[in-house]
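# Coordinate analysis (summary)
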Amino acid sequence: MHGSGTGNEGRVTGGGGVDQEFLALERELAVFLRRARAQSGEMAREVHPELEPAAYGLFVRLDDAGPQRATELAGYFGVGKATMSRQLRALEDLGLVARDPDPADGRASLVRLTEEGRSRFRSVRDARRERYVRKLADWDRAEVAELARLLNHFNVRSEG
């Protein structure tokens, strides 16, 4: 039936009617995420040998977005307040983040990178970026931009 309007015309499905495109996406994301977790662990240890892998993402977020409340960070990463509090306390104990009173609400505090934390993070981030440049040297800049755009689109849709 041509023009039935189901939106499934021409799609190849696997067992259980699952689109092959989505199976391929799941497979590639699983590999990508496993490698990203391993790299985040390495990167966190490069910032400081005592850091756990999740710390690297906190550095990225604080460097990009600036000071944040712990509850905002917990929401952004989809973790509980207790988990975020523990992670931030470890970073604070190492002198990599600090808390300042929130000017909008004196009862709350904002978490920020210290100069030491920012310096260590940016050094590691710059080295990581150089690795991406080498790995993607044969890619056209437009392809790199498209990959970044699609990943951003996926991440935005994954929030909430």
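Residues numbered from 1 in each chain as written. Predicted model: local features only at pLDDT ≥ 70, side-chain atom pairs only at ≥ 80, totals over all residues. Heavy atoms only, no water.

Take the pattern of salt bridges next. A side chain of one charge can pair with a side chain of the opposite charge if their charged atoms are brought near each other. This model, assessed by the stated rule, comprises 15 salt bridges. A salt bridge links R86 to E52; its shortest N-O distance comes to 3.0 Å. With R86 in helix α4 (residues 81-93) and E52 in the loop between α1 (20-47) and α2 (54-65), this pair connects stretches of sequence that are 34 residues apart. E52 sits in the partly exposed class, given a relative accessible area of 32%. Between R125 and D63 there is a salt bridge, with its nearest N and O atoms 3.0 Å apart. Highlighted residues: R125 in helix α5 (residues 115-135) and D63 in helix α2, separated in sequence by 62 residues. For D63, a relative accessible area of 13% corresponds to the buried category. Because the salt bridges share partners, they merge into one network encompassing D63, E115, R118, R122, R125, D126 and R129. (Salt bridge = Lys/Arg side-chain N within 4 Å of Asp/Glu carboxyl O. Helix = DSSP H or I, 4+ residues; strand = E, 2+ residues; numbered from the N terminus. Buried < 20%, exposed > 50% of the residue type's maximum accessible area, 1.4 Å probe, protein only.)

Right, let's get into a nonpolar patch on the surface. A surface patch of nonpolar side chains, about 480 Å² in accessible area, is lined by F32, L33, W139, V144, L147 and L151. Elements represented by at least two residues in the nonpolar patch include exactly α1 and α6 (141-158). For the nonpolar patch, the leading source of residues is α6, giving three residues. Among the structural elements, W139 can be located in the loop between α5 and α6. Here W139 falls in the partly exposed class, since its relative accessible area comes to 35%. (Patch = residues over 30% accessible without salt bridge, like charges linked within 9 Å, V, L, I, M, F, W, Y side chains within 5 Å. Areas by Shrake-Rupley, 256 points an atom, 1.4 Å probe, with all protein chains shown as cover.)

What follows concerns the packing of α1 against α5. For the pair α1 and α5, the least separation of the axes is 9 Å and the interaxial angle reads 140°. The orientation of α1 relative to α5 falls into the category oblique. With respect to the hand of their crossing, α1 and α5 are arranged in right-handed fashion. Here A36, Q39, S40, M43, E46 and V47 of α1 come into contact with α5, specifically with R120, F121, V124, R128, R131, Y132 and K135. Residues of the contact of α1 with α5, tallied by class, amount to six nonpolar, two polar and five charged. (Axes fitted to C-alpha atoms, helices over the stretch in contact; angles between N-to-C directions. Parallel < 35°, antiparallel > 145°, perpendicular 65-115°, else oblique. Left-handed = near helix turned anticlockwise from the far one by under 90°. Contact = heavy atoms within 4.5 Å. Nonpolar A, V, L, I, M, F, W, Y, C, P; charged D, E, K, R; others polar.)

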